[in-house]
Amino acid sequence: MNDCFFCGPTDDSLTEDHVWPKWVSRLLIGKYGSDHFVHIRSTGDTTTGYWKAPVLKVTTKAICRKCNNEWLGAFENDVIKPVASPLIVGDAVDLITPADQQQLAAWAYKMALLLEVAVPTEERSTEFFTPAERLEFHQYTFPNEHVRVFLANFKYGQEPAHAHQHQHRLTRRDDHVGFTRRIRTVTAGCMALQVMAVRYTATGELAFASSEMEVELLGKARTAIAPIWPPTGNAVRWSDLDIMTKEDIEDFTDMWSKAEGLFWTADSGTKGKARLSR
């Protein structure tokens, strides 16, 4: 009996799954003047992994064959690929419909879940999402209703892809309610996605990030960030979004950690990165 990361106990074998599907690698491999990707994994300022591969090889062997080849294969190849491909390669895109936003948000959430176990066991932080929350995603292929997901047009050429995790413990000033918040940013080519999830410290339950962490967007984020989950009901005009650099996205992430006037930051928590360069 095996334990699938998504569906739980199973007699099926566990298979290797790529966090970035191989079709993302095929979209990007020739655009950076190289026939391979250089992978750098780090925690804080310490590099913990360095390797080269012909694909974006950030993988985990935690998903059963049926989930990987049937459920996720159909979702990423048939649903996500047509929507995400033009955004990744920087093709002219006019409107991103609410339906497409929902699918992109689900994909971002899938990667946020999977990246928790796509590092060696000794480098993993405590898993933020529970088995029940992963099973719910397997059943419905929707992001959890409590999380927030943002979409941005990423500056092409800085890095083919990267993933970045922040976790903080915060205490709200007015009522002293404590929260643990995890933010996962994932990029591929010209597309950036960010998932924010918040838990109450006292109970461990997920909080509604859209209400408990509602902070006015500042600076470039006002014109460059598109909230896509929870659903807004509005199309996103991709060409109208300002282009975000990696530094802009990190500033946007830091804005949530500071939330000046609303929270005390009790603990800056953990930071982890996976950079995938040409």
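Residues numbered from 1 in each chain as written. Predicted model: local features only at pLDDT ≥ 70, side-chain atom pairs only at ≥ 80, totals over all residues. Heavy atoms only, no water.

**Considerations on the pattern of salt bridges**
Considering all chains together, one arrives at 13 salt bridges under this definition. With a shortest N-O distance of 2.9 Å, K110 and E76 are connected by a salt bridge. On the criterion of sequence distance, the pair formed by K110 in helix 3 (residues 98–114) and E76 in helix 2 (residues 65–89) is long-range, its members being 34 residues apart. The residues K110 and E76 share a single accessibility class, namely buried. One salt bridge in this structure joins R182 and E116, with 2.7 Å as the shortest N-O distance. Of this pair, R182 sits in strand 10 (residues 178–188) while E116 is found in the loop between helix 3 and helix 4 (131–140), placing the two residues 66 residues apart along the sequence. By the burial criterion, R182 is buried, and E116 matches it. Within this structure, R172, D174, D175 and E212 form a network of salt bridges that share partners. (Salt bridge = Lys/Arg side-chain N within 4 Å of Asp/Glu carboxyl O. Helix = DSSP H or I, 4+ residues; strand = E, 2+ residues; numbered from the N terminus. Buried < 20%, exposed > 50% of the residue type's maximum accessible area, 1.4 Å probe, protein only.)

**What about helix 4?**
For helix 4, the complete set of buried residues consists of E133, R134 and F137. Down the axis of helix 4, the sector holding all buried residues measures 100 degrees, keeping them to one side. Turned more than 90 degrees off the buried face of helix 4, the exposed positions are P131 and A132. Packed against the buried residues of helix 4 are helix 2, helix 3, strand 11 (191–200) and strand 12 (206–207). At the exit of helix 4 stands T141, carrying a positive phi of roughly 55 degrees. (Arc of directions from axis to C-beta. Contact = heavy atoms within 4.5 Å.)

**A closer look at the packing of aromatic side chains**
For the structure shown, the criterion picks out 10 aromatic pairs. Their ring planes at 50 degrees and their centres at 6.0 Å tell us that F6 and F137 sit as a pair that is tilted. One end of the pair, F6, is in the loop between strand 1 (2–4) and strand 2 (8–10); the other, F137, is in helix 4, with 131 residues separating them in the sequence. Accessibility assignment for this pair places F6 and F137 in one class, buried. In this structure an aromatic cluster arises from ring pairing among F5, F6, W71, Y109, F128, F129 and F137. Lying across the ring of F5, R134 places its NZ or CZ 4.1 Å from the centre. Against the face of F128 rests R199, its NZ or CZ located 4.9 Å from the ring centre. (Phe/Tyr/Trp six-rings, centres within 6.5 Å; stacked < 30°, edge-to-face > 60°. Lys NZ or Arg CZ within 6 Å of the ring centre and 35° of its normal.)

**Notes on the packing of helix 2 against helix 3**
For the pair helix 2 and helix 3, interaxial distance at closest approach is 10 Å and the crossing angle is 110 degrees. As judged from the angle between their axes, helix 2 and helix 3 are roughly perpendicular. For the element pair helix 2 and helix 3, the recorded crossing hand is left-handed. In contact with L72, F75, E76, V79, I80, V83, A84, L87 and I88 of helix 2, helix 3 contributes D100, Q103, L104, A106, W107 and K110. Considered class by class, the residues forming the contact of helix 2 with helix 3 number 11 nonpolar, one polar and three charged. (Axes fitted to C-alpha atoms, helices over the stretch in contact; angles between N-to-C directions. Parallel < 35°, antiparallel > 145°, perpendicular 65-115°, else oblique. Left-handed = near helix turned anticlockwise from the far one by under 90°. Nonpolar A, V, L, I, M, F, W, Y, C, P; charged D, E, K, R; others polar.)

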